[in-house]
Amino acid sequence: MAYEITLVTTMAISILFALSLNFITGFCGQISLGHAAFMGVGAYTSAIMMKADIPFLLTIPAAAILAGILGLLVGFASLRVRHDFLAITTMGVVFLFVGIVRQQEFLGGEIGISGIRGSSFGRLGFMAICLGLAGAFAAFSLLIKRSWMGYVFDSIADNEDVSRILGIDVSKYKLIAFVVGTSAAGIAGALYAQHFRFVGPDSFGFVESITVLAMVIVGGIGSVWGVAVAAAFLSVMPLLFQFVNDFKILAYGALLFAMMRWAPDGLAGIVARSMKKLRGRS
Amino acid sequence: MTYPVLEVSDVTVRFGGVVAVDGASLTIKAGELIGFVGPNGAGKTTLMRVITGIIKPDEGQVLLGGKDLAGLAVNQRIRAGLALAQQIVQPLKAMTLLENVALACGAEKTRNPFSAMVSFDRDAENRRALELLSRVGLREAANLEPAKLPLGYLKRLEVARALALNPQLLLLDEPLAGLNQSEASELADLIKALNADGLPILLIEHNLREVMRICPQVYVQDQGRPLAFGPTEEVMSRPDVIQAYMGGNTNAAGQ
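Given the structure is predicted, the values throughout are model-derived calculations rather than measurements.

### Side note on the overall build of chain B
Part 1 of the argument: Scanning chain B from terminus to terminus reveals eleven helices and ten strands.
Part 2 of the argument: Taking 2.2 N^0.38 as the reference for a compact globule, 255 residues should give roughly 18 Å; the C-alpha atoms of chain B span a radius of gyration of 19 Å, in line with that estimate.
Part 3 of the argument: Its C-alpha atoms give chain B principal-axis dimensions of about 60 × 40 × 40 Å.
Part 4 of the argument: By the burial criterion, 52% of the 255 residues in chain B qualify as buried.
Part 5 of the argument: Once local pairs closer than 6 in sequence are excluded, the contacts in chain B between residues at least 24 apart make up 67%.
Part 6 of the argument: Just so you have it, chain B exposes about 11,600 Å², and 50% of that area is on carbon and sulfur atoms.

### Description of the overall build of chain A
Part 1 of the argument: Helix and strand counts for chain A come out as 13 helices and two strands.
Part 2 of the argument: Here chain A has a C-alpha radius of gyration of 18 Å; the compact-globule value for 282 residues is 19 Å, and the two agree.
Part 3 of the argument: Seen through its C-alpha atoms, chain A measures out along the principal axes to roughly 55 × 45 × 35 Å.
Part 4 of the argument: Taken over 282 residues, chain A has a buried fraction of 55%.
Part 5 of the argument: Partitioning the intrachain contacts of chain A with sequence separation of at least 6 by distance along the chain shows that 80% fall at a separation of at least 24.
Part 6 of the argument: Just so you have it, chain A exposes about 12,300 Å², and 70% of that area is on carbon and sulfur atoms.

### With respect to the interface of chain A and chain B
Part 1 of the argument: In this complex, chain A contributes 24 residues to the contact, which on the side of chain B involves 31 residues.
Part 2 of the argument: Summed over both partners, the interface of chain A with chain B comes to about 2,600 Å²; 68% of that surface belongs to carbon and sulfur atoms.
Part 3 of the argument: The interface formed by chain A and chain B contains ten residue pairs in polar contact (both at pLDDT 80 or more).
Part 4 of the argument: When contributions to the side of chain A that touches chain B are tallied by element, the ones reaching two or more residues are helix H5 (122-146), helix H6 (148-158), helix H7 (160-165) and helix H8 (170-196) of chain A.

### Section: the pattern of salt bridges
Part 1 of the argument: Applying the stated criterion across every chain yields a total of 19 salt bridges over all chains.
Part 2 of the argument: Notably, a salt bridge pairs Lys174 of chain A with Glu160 of chain A, separated by 3.1 Å at the nearest N-O pair. Note that Lys174 of chain A is positioned in helix H8 and Glu160 of chain A in helix H7, a separation of 14 residues in sequence.
Part 3 of the argument: Residue classification places Lys174 of chain A among the buried residues on the basis of a relative accessible area of 1%.
Part 4 of the argument: Glu158 of chain B is paired through a salt bridge with Arg161 of chain B; the nearest N and O atoms lie 3.2 Å apart. Highlighted residues: Glu158 of chain B and Arg161 of chain B, both in helix H7 (residues 151-163), separated by three residues, approximately one helical turn.

### Regarding the pairing of strand E7 (residues 169-173) of chain B
Residues and elements named next belong to chain B.
Part 1 of the argument: E7 sits mainly inside the fold: five of its five residues count as buried.
Part 2 of the argument: The sheet contact formed by strand E6 (residues 82-85) and E7 spans four bridges and is parallel. Directly across from Leu84, in E7, lies its bridge partner Leu171.
Part 3 of the argument: In this structure, E7 lies alongside strand E8 (residues 201-204), joined through four bridges in parallel fashion. Among the inter-strand pairings, Leu172 is bridged to a residue of E8, identified as Leu203.

### Side note on the packing of aromatic side chains
Part 1 of the argument: Tallied over the full model, the rule gives 15 aromatic pairs over all chains.
Part 2 of the argument: Measuring from centroid to centroid gives 5.9 Å for Phe137 of chain A and Phe140 of chain A, while their planes differ by 35°, and the two rings are tilted. With Phe137 of chain A and Phe140 of chain A both in helix H5 and three residues apart, this pair spans about one turn of that helix.
Part 3 of the argument: One aromatic cluster in this structure is built from Phe23, Phe27, Phe137, Phe140, Phe153 and Tyr173 of chain A.
Part 4 of the argument: Cation over ring: Arg122 of chain B sits above Tyr151 of chain A, and NZ or CZ is 3.8 Å from the ring centre.

### What to know about the packing of H6 of chain A against H8 of chain A
Residue and element names in this part refer to chain A.
Part 1 of the argument: Packing of H6 against H8 brings their axes to within 11 Å, and their N-to-C directions diverge by 105°. The orientation of H6 with respect to H8, classified from their angle, is roughly perpendicular. Where H6 approaches H8, its residues Met149, Val152, Phe153 and Ile156 are matched on the opposing element by Val170, Tyr173, Lys174, Ile176 and Ala177.
Part 2 of the argument: When its residues are assigned to classes, the contact of H6 with H8 shows eight nonpolar, no polar and one charged.

### A short note on the environment of Ser115 of chain B
Part 1 of the argument: With respect to the helices and strands, Ser115 of chain B occurs in helix H5 (residues 113-117).
Part 2 of the argument: Along the sequence, Ser115 of chain B and Arg213 of chain B sit 98 residues apart, while their C-alpha atoms lie 45 Å from each other.

### Here's the deal with the layout of surface pockets
All names here are of chain A.
Part 1 of the argument: In this structure, the largest pocket encloses a volume near 600 Å³.
Part 2 of the argument: Every residue lining the largest pocket is counted, 23 residues in all, and those nearest its centre are Tyr192, Phe196, Glu208, Ser235 and Lys248.
Part 3 of the argument: Those elements that place two or more of their residues in the lining of the largest pocket are helix H1 (2-27), H8, helix H9 (206-219), helix H10 (224-240) and helix H12 (248-262).

### Re the pairing of strand E9 (residues 217-222) of chain B
Residue and element names in this part refer to chain B.
Part 1 of the argument: Extensive coverage of E9 is indicated by the burial of five of its six residues.
Part 2 of the argument: Where strand E3 (residues 33-37) and E9 come together, four bridges link them in parallel fashion. The residue bridging Val37 from the neighbouring strand is Val220, located in E9.
Part 3 of the argument: By the bridge criterion, six bridges tie E9 to strand E10 (residues 225-231) in an arrangement that is antiparallel. Paired with Val218 across the bridge in E10 is Gly230.

### Some details on the sheet that holds strand E4 (residues 59-64) of chain B
All names here are of chain B.
Part 1 of the argument: Ordered by their spatial adjacency, four strands build an open sheet running E2-E1-E4-E5, and the pairing between neighbours is antiparallel. Every other strand in the sheet has two partners, leaving strand E2 (18-28) and strand E5 (67-68) as the edge strands with one partner each.
Part 2 of the argument: Against the sheet, helix H1 (residues 44-52) touches strand E1 (6-15), E2 and E4, its axis set at about 120° to E1.

Definitions and cut-offs
Residues numbered from 1 in each chain as written. Chains lettered and ligands numbered in written order. Predicted model: local features only at pLDDT ≥ 70, side-chain atom pairs only at ≥ 80, totals over all residues. Heavy atoms only, no water. Helix = DSSP H or I, 4+ residues; strand = E, 2+ residues; numbered from the N terminus. Rg over C-alpha atoms; globule rule 2.2 N^0.38 Å. Buried < 20%, exposed > 50% of the residue type's maximum accessible area, 1.4 Å probe, protein only. Contact = heavy atoms within 4.5 Å. Areas by Shrake-Rupley, 256 points an atom, 1.4 Å probe, with all protein chains shown as cover. Buried area = accessible area lost by both parts, 1.4 Å probe. Polar contact = N/O pair within 3.5 Å; in protein donor to acceptor, adjacent residues only side chain to side chain. Salt bridge = Lys/Arg side-chain N within 4 Å of Asp/Glu carboxyl O. Pairing = 2+ DSSP bridges. Phe/Tyr/Trp six-rings, centres within 6.5 Å; stacked < 30°, edge-to-face > 60°. Lys NZ or Arg CZ within 6 Å of the ring centre and 35° of its normal. Axes fitted to C-alpha atoms, helices over the stretch in contact; angles between N-to-C directions. Parallel < 35°, antiparallel > 145°, perpendicular 65-115°, else oblique. Nonpolar A, V, L, I, M, F, W, Y, C, P; charged D, E, K, R; others polar. 1 Å grid on protein atoms, 1.4 Å probe; cavity = no way out; pocket = protein on both sides within 12 Å on 5 of 7 lines; lining within 4 Å. Points joined across faces, edges and corners; volume = space filled by probe spheres on them.

These figures capture arrangement, not role.
As structure tokens, this is what we get:
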């Protein structure tokens, strides 16, 4: 049973993390190659607070707020750049994060922070919290997608110059997407720290950023359930197959390439097309 | 007192050493339809971009309904009452025509992101969008995606989307460019009809035949300098205007 609980908890955290990137990249069309940095901020925040004997549940909002503040700063910096340049800027963020964390003694430097105490909820209770938060963010995402905010996000992802000539304050909407997405990543980070009882600089680097981007693209950019399914599946692959764990960047890189080449709209697109075909036949 | 809808005064734009627009002045009063013409390189698009706020002028100012637009970004100028149909059509590709227009109809809902977050109903906007699409003759295409539609449709979509913003002034940047003669004169008729309903319009256009047909007044710019501004027939028969347009071949001016 313990193994299954670990699997489900891992899945739930990855779903939340992937959906948080989906909010920025999928909904608002702003690519990010450095999303793991925000998970890292949340994870370190929670880890340090746990070490100071603060209750676990209080570390979650703190993780969200700190990650969101950093997200706002990065968002401001990113307003001036688009597409490939935005990708490179956000990539810089994650390298900066890892570089800075490595040098800080109070963050454990290269070694990281280990021996984080467990929450009072037990393994099963913690799993329920993770599932609840992932589910809540998925529901929130679906709601936003249906709202006028989602409508505006669609237009910005489509062509932000057109959004502007329709009177839309593109910068404001982008900043909101960044803050929401990075805060949610911070929450995922707090859960991560509690799950593994350890945080280190290598847990939130470029590879993790690419992994989460792979989840979003494989699931179908912008599709809430597609991304959730892809995140659940891809997050447990390394646990189930040693091969995937050993060659993570190769396996995910190949998958990313394959999806972009043959099904750029991801799982969600493949399913939508098959449904259409089936309906056409009947 | 009532202010003119748009007042452009002594606008000068320099790109490095090149003076693209040199002391341009232009006034549009309530209900007017003004054709903005000039040969290639006359600085028409540059002046349009000054009005929409994409380019900051080195000198001069732009007033909309008496309000100085200096320092306002494009989206703020739209909120202040400008609307623009662009020369290069830019539909939102992943949306149907109806969705394209309805988004603009919802300007009140999208003004504040936080109220947009809690607004879900699109019925009123969809209804109004359908009316506007009917107005520009695109009702049948309302649920189609732009990718498959010909240029003539997309030009009309630009106009419908601009109208959806309930503008004080409509800026049209070469709406007829790329259309065949019958499409062009149909769209020109529509522009005339919109103006007849009381909407002030500034029409940048190369199609002189249509401009002379529908615009009571024209503003001519040549090499960045304002050349003439007044009633169409009077201005277009001035020798200096003909000279500018025809490059000296005054014989061709009769037709």
